[in-house]
Amino acid sequence: GAGKTPEQIKGIVTAMGERGCRNILVTRIGQEAADILCGAVPAEYYPLPRLAVAYPEEQATNQSVIFAEVSYSGNCTVSATRNGELLMENETAQGRYEIHLLEGDNAVVFLITDEAGNTASFLKDIYLDSTPPQLSLKRNLDKISTGESYIYVEGYTEAGVTLTCNGEPVELAGSYFSFRQPLSFGTNEIVLTATDVAGNEARYSAEVSRPFWRAGIVKWILLAAAAAALIALETVILVRGKRRSRR
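Quick caveat, the model's predicted, so the values are computed rather than measured. (Residues numbered from 1 in each chain as written. Predicted model: local features only at pLDDT ≥ 70, side-chain atom pairs only at ≥ 80, totals over all residues. Heavy atoms only, no water.)

Draft legend 1. A look at the overall build of the protein. Along its length, the protein carries three helices and 15 strands. A buried classification covers 28% of the 247 residues belonging to the protein. Carbon and sulfur atoms form 52% of the exposed surface of the protein, whose accessible area is close to 16500 Å². (Helix = DSSP H or I, 4+ residues; strand = E, 2+ residues; numbered from the N terminus. Buried < 20%, exposed > 50% of the residue type's maximum accessible area, 1.4 Å probe, protein only. Areas by Shrake-Rupley, 256 points an atom, 1.4 Å probe, with all protein chains shown as cover.)

In structure tokens:
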């Protein structure tokens, strides 16, 4: 019946009946076509039950338990397996079902069977990963003190992760990263976060200080003060010299 109008289906069945055909099976028709067909020839309509199983969208997770929403019309039974292992059999309730995952690959299959014995299967492949990704730095930056306006952050993590520094995305070259992090005067907090596709996070945090009164800065301040003092002294001597010459 797919792709045909109710009138076309009626005409085909009527023609087959006139040729002596009996027990004609018509599939994939809706209620409207069934009503027209049953009004033209002796027929019985068995609507297919509406079946649905809604799984989480993600393909990988760090949660050991997921839920499946099961709905159907008519009288049906529900069974489920995980990696071929029977989780439940011939349940009759619709609604939310809890599924416990195993670490690694999980093939979850829900089977819904109607009154006529027809069974529809609903497959969900999902990967359970509860291990945080690797995150290593080339050198430990914590408690470092520097007079520079930046510091280099270098290291490596797992391929495919999302890496951020203080919430800003960091570009990876394969599994490696290297970037220059700006520093303000005072204490600077640096937080690296690596997040894998399953949602696991690995973090590294460090405090880097950039003191204002460093030896180099003090040196330049003293030199500037000395230069200013010399300029002031020369100005005073020059002024006094002019006054004496006038006298």
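Draft legend 2. The sheet that holds strand 7 (residues 104-113), seen in detail. Ordered in space as 2-8-7-4-5, the five strands form an open sheet in which the pairing is mixed. Here the strands that pair on one side only, and so sit at the sheet edges, are strand 2 (60-61) and strand 5 (85-91). Sheet topology places strand 4 (residues 77-82) next to strand 5; four bridges connect them, and they run antiparallel. Counterpart to Arg82 in the pairing with strand 5 is Glu85. (Pairing = 2+ DSSP bridges.)

Draft legend 3. Fine view of the pattern of salt bridges. Following the criterion strictly, the structure yields four salt bridges and no others. A salt bridge links Glu69 to Arg96; its shortest N-O distance comes to 3.0 Å. You can see Glu69 sitting in strand 3 (residues 65-72) and its partner Arg96 sitting in strand 6 (residues 95-100), a full 27 residues away along the chain. The residue Glu85 makes a salt bridge to Arg82 at a minimum N-O spacing of 2.8 Å. Residue classification places Glu85 among the partly exposed positions, given a relative accessible area of 42%. (Salt bridge = Lys/Arg side-chain N within 4 Å of Asp/Glu carboxyl O.)

Draft legend 4. How the structure looks around helix 1 (residues 6-18). With 13 residues, helix 1 should reach 18 Å at 1.5 Å per residue; the first-to-last C-alpha distance of 18 Å fits that figure. Every buried residue belonging to helix 1 is among Pro6, Ile9 and Val13, and all of these are buried. The buried residues of helix 1 occupy one face: seen down the axis, they fall within an arc of 65°. Tucked into the core, helix 1 has its buried residues touching helix 2 (31-40). (Expected span 1.5 Å × (residues − 1). Arc of directions from axis to C-beta. Contact = heavy atoms within 4.5 Å.)

Draft legend 5. Spotlight on the packing of aromatic side chains. Evaluation of the coordinates by the stated rule reveals five aromatic pairs. Aromatic pair Phe177 and Phe179: ring centres 6.4 Å apart, planes at 40°, arrangement tilted. Phe179 gets classed as buried once you look at its relative accessible area, which sits at 15%. In this structure, Arg180 is placed above the aromatic ring of Tyr150, and the distance from its NZ or CZ to the ring centre is 4.1 Å. We note Arg210 situated over the ring of Phe185; from NZ or CZ to the ring centre the distance is 3.9 Å. (Phe/Tyr/Trp six-rings, centres within 6.5 Å; stacked < 30°, edge-to-face > 60°. Lys NZ or Arg CZ within 6 Å of the ring centre and 35° of its normal.)

Draft legend 6. Quick look at the pairing of strand 13 (residues 176-182). Because side chains alternate across strand 13, one face comprises the buried residues Phe177, Phe179 and Gln181, and the other comprises Tyr176, Ser178, Arg180 and Pro182, none of which is buried. Two strands pair when backbone bridges link them, and strand 10 (residues 150-157) and strand 13 are joined in this way by seven bridges, in the antiparallel orientation. Opposite Glu154, over in strand 13, you have Ser178 as the bridge partner.

Draft legend 7. Structural view of the packing of helix 1 against helix 2. For the pair helix 1 and helix 2, the least separation of the axes is 9 Å and the interaxial angle reads 35°. Our pair here, helix 1 against helix 2, has a crossing hand that is right-handed. In contact with Pro6, Glu7, Ile9, Lys10 and Val13 of helix 1, helix 2 contributes Glu32, Ala33, Ile36, Leu37 and Ala40. Residues belonging to the contact of helix 1 with helix 2 are distributed by class as follows: seven nonpolar, no polar and three charged. (Axes fitted to C-alpha atoms, helices over the stretch in contact; angles between N-to-C directions. Left-handed = near helix turned anticlockwise from the far one by under 90°. Nonpolar A, V, L, I, M, F, W, Y, C, P; charged D, E, K, R; others polar.)

Draft legend 8. Geometry of the sheet that holds strand 3. In spatial order, the strands read 1-3-6; together these three strands make up an open sheet with antiparallel pairing. Each edge of the open sheet is held by one strand with a lone partner, namely strand 1 (51-54) and strand 6. This sheet shows a mean twist of 25° between the axes of neighbouring strands, independent of strand direction.

Draft legend 9. Looking closely at helix 2. Buried residues of helix 2: Ala33, Ala34 and Leu37, and no others. Here the buried residues of helix 2 occupy an arc of 100° about the axis, which is enough to place them on one side. Along helix 2, exposed side chains directed more than 90 degrees from the buried face belong to Glu32 and Gly39. Buried positions along helix 2 lie against helix 1.

Draft legend 10. Seen up close, the environment of Ile24. For Ile24, the location among the structural elements is in the loop between helix 1 and helix 2. Measuring from C-alpha to C-alpha, the distance between Ile24 and Ala43 comes to 8.9 Å, with 19 residues separating the pair along the chain. The residues touching Ile24, leaving out its near neighbours within four places in the chain, are Val13, Met16 and Gly17.

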